[in-house]
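Descriptive structure summary
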Amino acid sequence: GSTGPAIDLSRARQWVIESPGYLDSSDGTSGSPGTYQQVIGLGLSTYACRIFHPVCEGQTLGGCFIGSIDRTNVVANSNTIENPLLEANTAPYMIDAAGTQLLTISDGIIEGNVVTAEIRLGYRTTVQRCWFEQGSAAGQTFTMDAHGVDGTTYGYDPGTCFLGNNDYNTNPDTLTIPSGV
């Protein structure tokens, strides 16, 4: 896959994106990652953007559906992903919040994905009222980088996250918090 995003939100401020979807032309091709590293990339100066109703089903993705473009230098603050439907995909992560601050993910269904983790948490990531099912059989529901892995220059080391009112239908996980976080 590419090293860049399909939709680059670098320098986007208070953008509203409604119902983005993704269909890779090589859907079903085993071992073929998607065309892009991220479908929606949270980049430098991505502030207060809202992504409503994103949909991705049955795709093979490069890195993630929504995530930071560069987790060591990204300045992406106070963004929201609301009502995601992410089902039956293959990717390292469905949502990669590493390198972001105050990303909120709410009211979604994230299930049946073949992943390392459904969501990689960042700094002060909030995940609430989401339904998780079957994804943890192939990977974890949540993961988090160790201290110092993400960009510490801007204070984006992971931690201080809120996980509330989520439902884990099968194979509930625990979040292992790395030392130093």
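Now for a description of the structure that goes with this document.

**Describing the pattern of salt bridges**
Taken as a whole and assessed by the stated rule, the structure comprises 3 salt bridges. In this structure, Arg129 engages Asp107 in a salt bridge whose closest nitrogen and oxygen atoms are separated by 2.6 Å. Highlighted residues: Arg129 in the loop between β17 (126–128) and β18 (131–133) and Asp107 in the loop between β14 (104–106) and β15 (109–111), separated in sequence by 22 residues. By relative accessible area, Arg129 is classed as partly exposed at 42%.

**Observations regarding the side chain of Asp96**
Tracing the sequence through the fold places Asp96 in strand β12 (residues 93–96). By relative accessible area, Asp96 is classed as buried at 8%. Reaching out from Asp96, the side chain makes a polar contact with the backbone nitrogen of Ala98 at a distance of 3.1 Å. Setting aside residues no more than four positions away along its own chain, Asp96 makes contact with Cys64, Ile66, Gly67, Ser68 and Arg120.

**A short note on the nonpolar core**
Formed by 31 residues in total, the largest nonpolar core has its most connected members in Leu61, Phe65, Met94, Ile95, Ile105, Ile119 and Val127. Ranked by residues supplied to this core, first place goes to strand β4 (residues 38–42) with 3 residues. Setting aside chain neighbours within four positions, we find Ile95 in contact with Ile66, Ile81, Leu86, Leu103, Ile105, Ile110, Glu118, Ile119 and Arg120.

**Some words on the sheet that holds strand β10 (residues 80–82)**
Across the sheet, which stays open at both edges, the 6 strands sit in the order β2-β6-β10-β14-β17-β20 with parallel pairing between neighbours. Two strands close off the open sheet at either side, each with one partner strand: β2 (16–18) and β20 (162–164). This sheet shows a mean twist of 10 degrees between the axes of neighbouring strands, independent of strand direction. In terms of strand pairing, β2 meets strand β6 (residues 50–52) through 3 bridges, oriented parallel. Paired with Glu18 across the strands is Phe52, a residue of β6.

**So, the pairing of β4**
Burial runs high along β4: 5 of the 5 residues are buried. Judged from the 3 bridges that link them, strand β1 (residues 5–8) and β4 form a sheet pairing that is parallel. Within β4, the residue paired with Pro5 across the bridge is Gln38. The pairing of β4 with strand β8 (residues 64–68) spans 4 bridges and is parallel. If you follow Leu42 over to β8, its bridge partner there is Ser68.

**What to know about the packing of aromatic side chains**
For the coordinates displayed, the defined rule picks out 3 aromatic pairs. Summarising the aromatic geometry, the rings of Phe132 and Phe142 are spaced 5.5 Å apart at their centres and angled 70 degrees between planes, so their arrangement reads as edge-to-face. A residue pair is termed long-range when its members are at least 10 positions apart, and Phe132 in strand β18 and Phe142 in strand β19 (residues 140–144) qualify at 10 residues. Plain terms: the ring middles of Phe142 and Tyr168 are 6.3 Å apart, the flat faces sit at 80 degrees to each other, and that makes the pair edge-to-face. In this pair, Phe142 sits in strand β19 while Tyr168 sits in strand β21 (residues 167–168), placing the two residues 26 residues apart along the sequence. With a relative accessible area of 5%, Phe142 lands in the buried category. Three or more aromatic residues joined by ring pairs form one cluster here, namely Phe132, Phe142 and Tyr168.

Conventions used here
- Residues numbered from 1 in each chain as written.
- Predicted model: local features only at pLDDT ≥ 70, side-chain atom pairs only at ≥ 80, totals over all residues.
- Heavy atoms only, no water.
- Salt bridge = Lys/Arg side-chain N within 4 Å of Asp/Glu carboxyl O.
- Helix = DSSP H or I, 4+ residues; strand = E, 2+ residues; numbered from the N terminus.
- Buried < 20%, exposed > 50% of the residue type's maximum accessible area, 1.4 Å probe, protein only.
- Polar contact = N/O pair within 3.5 Å; in protein donor to acceptor, adjacent residues only side chain to side chain.
- Contact = heavy atoms within 4.5 Å.
- Core = buried A, V, L, I, M, F, W, Y, C linked by side-chain atoms within 4.5 Å.
- Pairing = 2+ DSSP bridges.
- Axes fitted to C-alpha atoms, helices over the stretch in contact; angles between N-to-C directions.
- Phe/Tyr/Trp six-rings, centres within 6.5 Å; stacked < 30°, edge-to-face > 60°.

It is worth stressing that arrangement in space is one thing and function is another; only the former is reported here.
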